[in-house]
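These are the residues of each chain, in order.
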Amino acid sequence: MNPLSFANQEDYKLKSTKPQLGERWPHGGIRGAGGWIGSERATSTYDLVEQMFYLYVRVEKARDLPTNPVTGNCDPYIEVKLGNYKGTTRHFEKKSNPEWKQVFAFSKEKIQSSVLEVFVRDREMVSRDDYIGKVVFDMNEVPTRVPPDSPLAPQWYRLENRRGDSKVKGEIMLAVWMGTQADEAFPEAWHSDAASVHGEGVFNIRSKVYVSPKLWYLRVNVIEAQDVEPYDRSLSPQAFVKAQVGNQVLKTKLCPTKTTNPFWNEDLIFVAAEPFEEQLAITVENKVTTAKDEIMGKIILPLNIFERRLDHRPVHSAWFNLEKFGFGVLEGDRRHEHKFSGRIHMRVCLEGAYHVMDESTMYISDQRPTARQLWKQPIGILEVGILSAQGLLPMKTKDGRQTTDAYCVAKYGLKWVRTRTIVDNFNPKWNEQYTWEVYDPCTVITLGVFDNCHLGGSEKPAAGGGTKFDSRIGKVRIRLSTLESDRIYTHSYPLLVLKPSGVKKMGELQLAVRFTCLSLASMIYLYGHPLLPKMHYLHPFTVNQLDSLRYQAMNIVAVRLGRAEPPLRKEVVEYMLDVDSHMWSMRRSKANFFRIVSLFSGAISLSKWLGEVRYWKNPITTILVHILFLILICYPELILPTIFLYMFLIGIWNYRFRPRHPPHMDTKLSWAEAVHPDELDEEFDTFPTSKQQDVVRMRYDRLRSVAGRIQTVVGDMATQGERFQALLSWRDPRATSLFVIFCLIAAIVLYVTPFKMIALVAGLFWLRHPRFRSKLPSIPSNFFRRLPSRADSML
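This structure is a prediction, so every number in the text was calculated from the model and none was measured.

Undergrad: Before we go on, may I ask you to explain the overall build of the protein chain in this structure?
TA: Regarding its fold elements, the protein chain presents 15 helices and 31 strands. Here the protein chain holds 795 residues, and the buried ones make up 42% of them. At a minimum sequence separation of 6, the contacts of the protein chain that also span at least 24 residues come to 71%. Counting every atom, the protein chain has about 45,000 Å² of accessible surface; 58% of that belongs to carbon and sulfur.

Now the structure itself:
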């Protein structure tokens, strides 16, 4: 793949924007003396978004509606019409006094009519719906409501005939006003922007706030069992315990001895979510053969009976009676069904002092323990205005034309937010603002943009009749610690997605972000404390346990949020939580390798500079280094202050070049610009692989070559460390003898000779002119390279 052009590279960068944030009066006057946002903090909750005006129509109820003279019934519904836009309520059967309590919102930008018409109609199954009456409003007479004013009170209106020259029987209760997206009615309103959406799809376009389920670690310490008997009583069982919570199944090791009183003392860790719907199922099983296990006893326990532990104090263990599992049960012998068949000794608790990981630690947005009693006070407030997206690519074809129905999801801490879906628009404007409490500044907020594929109506099912998925448009991550306090950041972030064909820009997301610090002292205090709760360090989990538990936690969160209304779908949650971040990728491995190389580049350039000084490449620099060196030798107490002063000056100098914007997705750093198509194909392959045998063989060989280089580097690092150990380990008796004698002589010389003299001689020797140098390696280097390492014992 050819490297991207300069224009494309510029296109992938962050751009500053100047949106008109804050509130204005509806007819153009500025609210507050200081412009959009004055010098004082604006009190409005919608000061980080551009204001949008809507005509709201609240339809409450009707009374005394006339019945149809033919059927003798009335099946009323209401139609709200403004120009070309028309919204309808649900209809009631045989009801003259219906209650709807529905709100309609018409965007002011698209209003082309001077009158609003509200029709009451009677639903007919065969012929055209009957007209009952109407109410007409002049747009110039509609009042304006500005929060925090109370909602406008609805009132009764008499219905008029078609021509509007006389009143007819029946009244409807309405409220009509002009407001903004700060209005309480906004989230639940039917929007004219989504007039084409019908049926169940209406619920899928509303903005919603979701809360992650409260997750606990369940620790099951299986100690021992007594009197467990196999079917064949003449043989002692080789027992193990299988524990299950929901879809999670864990097993203990086999008891090393064959006995009816087996002992394990093993911890099994599960993830459980409140409210506890699953139960803990424990079975004691006998390993009869490698392929056959038999159940000797079983017990099912609800999770809410277990103790909730808030620290590392020990939990009381308990004996639980096992239910009989034997031929008596299968044969329907009721006398033996619950016959005592042994018991199991366990210590079970719900861990409240751990933070249950459901996201990668690199992009963690919350690190509080499960138990609310252990939470500290928030140290800041994060406010995000999700303004708009620009230049989105078409994501699907609907009715023969390409379209995109975009919505944005943001996740920070336990709170997920989802904006409303803007239907059929490549430049959607959401202008929704959300707020989060911040408990640690070293956390990350993640925002993703998706295409809504669940709007119903005329939409065709996915190809092949499969389930439709909400497509990914792109993702943005912002680390809060990179934001200055109380500054509003308005930027346009590129939405980049890696596809099998390469990296693709899907559009841009415009955000306004502000991080407000509530307590500077608390924030500074946090920088000296561990990121995670102390239980993670006092009683840590293994790496394998953490990976498995994180996978289970992500599944639980995805399932629970998928059961909300409207659902936050599994594919959305998995993309936001980076479910596939652990998968092998040649591109990611390269990117990480070059990150390491760039880290060492500073040290390498310093060593090059020292080499040039040492070899007198620039005599003036070398002489100045000599002078500095002699001053430090004469006044050794200046060495540490000089180092710290130098670092202070570098820090002050770098302040001028500090980053002025939040971080964003970088295609160059991600090694996505010049990635080989086959490497991308490998990255998007399923696990296990679905490729042909020869392709897998080629990739396996490539992987072996890369792993071989990594193996060599790691081996060289290990060898150098083992050579240091060999100095005093007598692995090479002659080398250790020489080093021990050298240490004794060095101790005597250093004791007798002033340190200044030693440092002076060593420094001048190191800085000596090239004509006094040999091209051969030095004696210490030769000695070190001759030391043995454990590589000799490697097969």
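Undergrad: Whenever I open this one, helix 12 (residues 693-726) confuses me. Can you help?
TA: Residues that lie three or four places apart on an α-helix share one face, since the helix turns once every 3.6 residues. The terminal C-alpha atoms of helix 12 lie 47 Å apart, and with 34 residues this matches the ideal 50 Å at 1.5 Å per residue to within 8%. Within helix 12, the full set of buried residues consists of Arg699, Arg702, Val706, Thr719, Glu722, Arg723 and Ala726.

Undergrad: I would appreciate a short explanation of the sheet that holds strand 31 (residues 502-517) in the present structure.
TA: The strands making up a sheet associate through backbone hydrogen bonding, with each pair oriented either parallel or antiparallel. As summarised here, the arrangement of the five strands in space is 1-30-31-22-27, forming an open sheet in which the pairing is antiparallel. Of all the strands in the sheet, the pair left with one neighbour each is strand 1 (15-16) and strand 27 (429-438). As judged from the two bridges shared by strand 1 and strand 30 (residues 488-499), these two strands associate in the antiparallel manner. Paired with Ser16 across the bridge in strand 30 is His491.

Undergrad: Honestly, the packing of aromatic side chains in this entry has me stumped. Any pointers?
TA: Two descriptors summarise a pair of aromatic rings, namely the distance from one centre to the other and the angle between the planes of the rings. In this structure the tally under the stated criterion is 17 aromatic pairs. Seen in terms of ring centroids, Phe92 and Trp100 are 6.0 Å apart; in terms of plane orientation they differ by 55°. Their pairing is tilted. The exposure class assigned to Phe92 is buried, which follows from its relative accessible area of 17%. One aromatic cluster in this structure is built from Tyr54, Tyr56, Trp177 and Phe186. Sitting over the face of the ring of Phe53, Lys108 holds its NZ or CZ atom 5.3 Å from the ring centroid.

Undergrad: Teacher, can you tell me more about the environment of Val444 here?
TA: Inspection of the secondary structure puts Val444 in strand 28 (residues 444-451). For the pair formed by Val444 and Ile364, sequence separation is 80 residues and the distance between their alpha carbons is 5.9 Å. Residue contacts for Val444: discarding those within four places in its chain leaves Met362, Tyr363, Ile364, Ser365, Lys411, Tyr412, Arg477, Ile478 and Arg479.

Undergrad: What is the right way to read the pattern of salt bridges from this model?
TA: For side chains bearing opposite charge, pairing can occur when the charged atoms are close. If you walk through the whole model with that rule in mind, you get 32 salt bridges. Residue Lys101 pairs with Glu60 through a salt bridge whose shortest N-O separation is 3.1 Å. You can see Lys101 sitting in strand 5 (residues 99-107) and its partner Glu60 sitting in strand 2 (residues 53-63), a full 41 residues away along the chain. Taking relative accessible area as the criterion, Lys101 reaches 52% and is therefore assigned exposed.

Undergrad: Help me understand a nonpolar patch on the surface in this model?
TA: A cluster of nonpolar residues, Ile620, Ile623, Leu624, Ile627, Ile631, Tyr635 and Leu638, forms a patch on the protein surface that exposes about 680 Å² of accessible area. For Ile631, the location among the structural elements is in helix 9 (residues 619-634).

Undergrad: Can you walk me through the packing of helix 9 against helix 14 (residues 755-766) in this structure?
TA: How two helices sit against one another is set out by the angle between their axes and by the gap between those axes. In contact at an axis separation of 9 Å, helix 9 and helix 14 are set at 165° when each is read in the N-to-C sense. Taken as axis vectors, helix 9 and helix 14 run roughly antiparallel relative to one another. Helix-helix and strand crossings are classified by hand; for helix 9 and helix 14 the assignment is right-handed. Facing helix 9, whose interface residues are His626, Phe629, Leu630, Ile633 and Cys634, helix 14 presents Lys756, Ala759, Leu760, Gly763 and Leu764. Of the residues assigned to the contact of helix 9 with helix 14, the class counts are seven nonpolar, two polar and one charged.

Undergrad: For this particular structure, what's the right way to read the sheet that holds strand 11 (residues 208-211)?
TA: Spatially, five strands are ordered 11-26-25-28-29 in an open sheet, and the strand pairing comes out antiparallel. The sheet terminates laterally at strand 11 and strand 29 (471-479), the two strands that pair on one side only. This sheet shows a mean twist of 20° between the axes of neighbouring strands, independent of strand direction. Here eight bridges tie strand 28 to strand 29, and the two strands are oriented antiparallel to one another. If you follow Thr446 over to strand 29, its bridge partner there is Arg477.

Undergrad: Where do I start with the pairing of strand 27 in this structure?
TA: Along any regular strand, the residues point their side chains to alternate faces of the sheet. Where burial is concerned, most of strand 27 is hidden: seven out of the 10 residues are buried. Examined bridge by bridge, strand 22 (residues 380-390) and strand 27 share eight bridges and lie antiparallel to one another. In the sheet register, Val384 faces strand 27, and the bridge partner there is Tyr434.

Undergrad: Help me understand the side chain of Glu171 in this model?
TA: Residue position: Glu171 is located in strand 9 (residues 167-180). A polar contact is formed between the side chain of Glu171 and the side chain of Arg63, at a distance of 2.7 Å. Those residues in contact with Glu171 that lie beyond four places of it in its chain are Lys61, Ala62, Arg63, Trp156, Tyr157, Arg158 and Leu159.

Undergrad: How do you make sense of unusual backbone geometry when you look at a structure like this?
TA: Note: most peptide bonds trans; most residues except glycine with negative phi. Omega for the bond connecting Glu274 with Pro275 falls within 30 degrees of zero, at -10°, which places this linkage in the cis form. When you line up the elements, Pro275 lands in the loop between strand 15 (263-273) and strand 16 (279-289). The amide bond that connects Glu565 to the next residue, Pro566, takes the cis arrangement and shows omega of 0°. Looking at the secondary structure, you find Pro566 in the loop between helix 6 (543-562) and helix 7 (570-576). Of note, the phi angle at Asp64 is positive, near 55°, even though the residue is not glycine.

Undergrad: Mind showing me how you'd approach the nonpolar core here?
TA: Soluble globular proteins tend to pack their nonpolar side chains together in the buried interior. Counting 70 residues, the largest nonpolar core has Trp416 and Leu511 as the members making the most contacts within it. Looking at which element gives the most residues to this core, the answer is helix 6, with seven residues. By size, the runner-up hydrophobic cluster in this structure holds 30 residues, among which are Ala243, Cys255, Ala272 and Phe276.

Undergrad: What exactly am I supposed to notice about the confidence of the model for the protein chain here?
TA: Close inspection of predicted coordinates is inappropriate for parts of the model with low pLDDT. For the protein chain, the average pLDDT comes to 82, and 89% of its residues sit at 70 or higher. Taken together, the stretch residues 1-6 has pLDDT below 50 and engages in 10 contacts with residues farther than four places along the chain or on a different chain. With pLDDT under 50 throughout, residues 327-338 is counted as low confidence; its partners more than four residues away or in other chains account for eight contacts.

Undergrad: What exactly am I supposed to notice about the pairing of strand 16 here?
TA: Across seven bridges, strand 13 (residues 239-245) lies against strand 16 in antiparallel orientation. When the bridges of strand 16 are listed, Phe240 appears paired with Glu285.

Undergrad: How should I be thinking about the side chain of Thr404 in this particular structure?
TA: Along the chain, the position of Thr404 falls in the loop between strand 24 (401-403) and strand 25 (406-412). Judged by relative accessible area, which is 0%, Thr404 ranks as buried. Separated by 2.8 Å, the side chain of Thr404 and the backbone oxygen of Leu393 make a polar contact. Among the polar contacts listed, one links the side chain of Thr404 to the backbone nitrogen of Met395, at a separation of 3.1 Å. In this structure Thr404 touches Leu392, Leu393, Pro394, Met395, Ile422, Val423, Asp424, Asn425, Phe426, Asp451 and Ile473, once residues within four positions along its chain are discounted.

Rules used throughout
- Residues numbered from 1 in each chain as written.
- Predicted model: local features only at pLDDT ≥ 70, side-chain atom pairs only at ≥ 80, totals over all residues.
- Heavy atoms only, no water.
- Helix = DSSP H or I, 4+ residues; strand = E, 2+ residues; numbered from the N terminus.
- Buried < 20%, exposed > 50% of the residue type's maximum accessible area, 1.4 Å probe, protein only.
- Contact = heavy atoms within 4.5 Å.
- Areas by Shrake-Rupley, 256 points an atom, 1.4 Å probe, with all protein chains shown as cover.
- Expected span 1.5 Å × (residues − 1).
- Pairing = 2+ DSSP bridges.
- Phe/Tyr/Trp six-rings, centres within 6.5 Å; stacked < 30°, edge-to-face > 60°.
- Lys NZ or Arg CZ within 6 Å of the ring centre and 35° of its normal.
- Salt bridge = Lys/Arg side-chain N within 4 Å of Asp/Glu carboxyl O.
- Patch = residues over 30% accessible without salt bridge, like charges linked within 9 Å, V, L, I, M, F, W, Y side chains within 5 Å.
- Axes fitted to C-alpha atoms, helices over the stretch in contact; angles between N-to-C directions.
- Parallel < 35°, antiparallel > 145°, perpendicular 65-115°, else oblique.
- Left-handed = near helix turned anticlockwise from the far one by under 90°.
- Nonpolar A, V, L, I, M, F, W, Y, C, P; charged D, E, K, R; others polar.
- Polar contact = N/O pair within 3.5 Å; in protein donor to acceptor, adjacent residues only side chain to side chain.
- Core = buried A, V, L, I, M, F, W, Y, C linked by side-chain atoms within 4.5 Å.
- pLDDT = per-residue confidence, 0-100.

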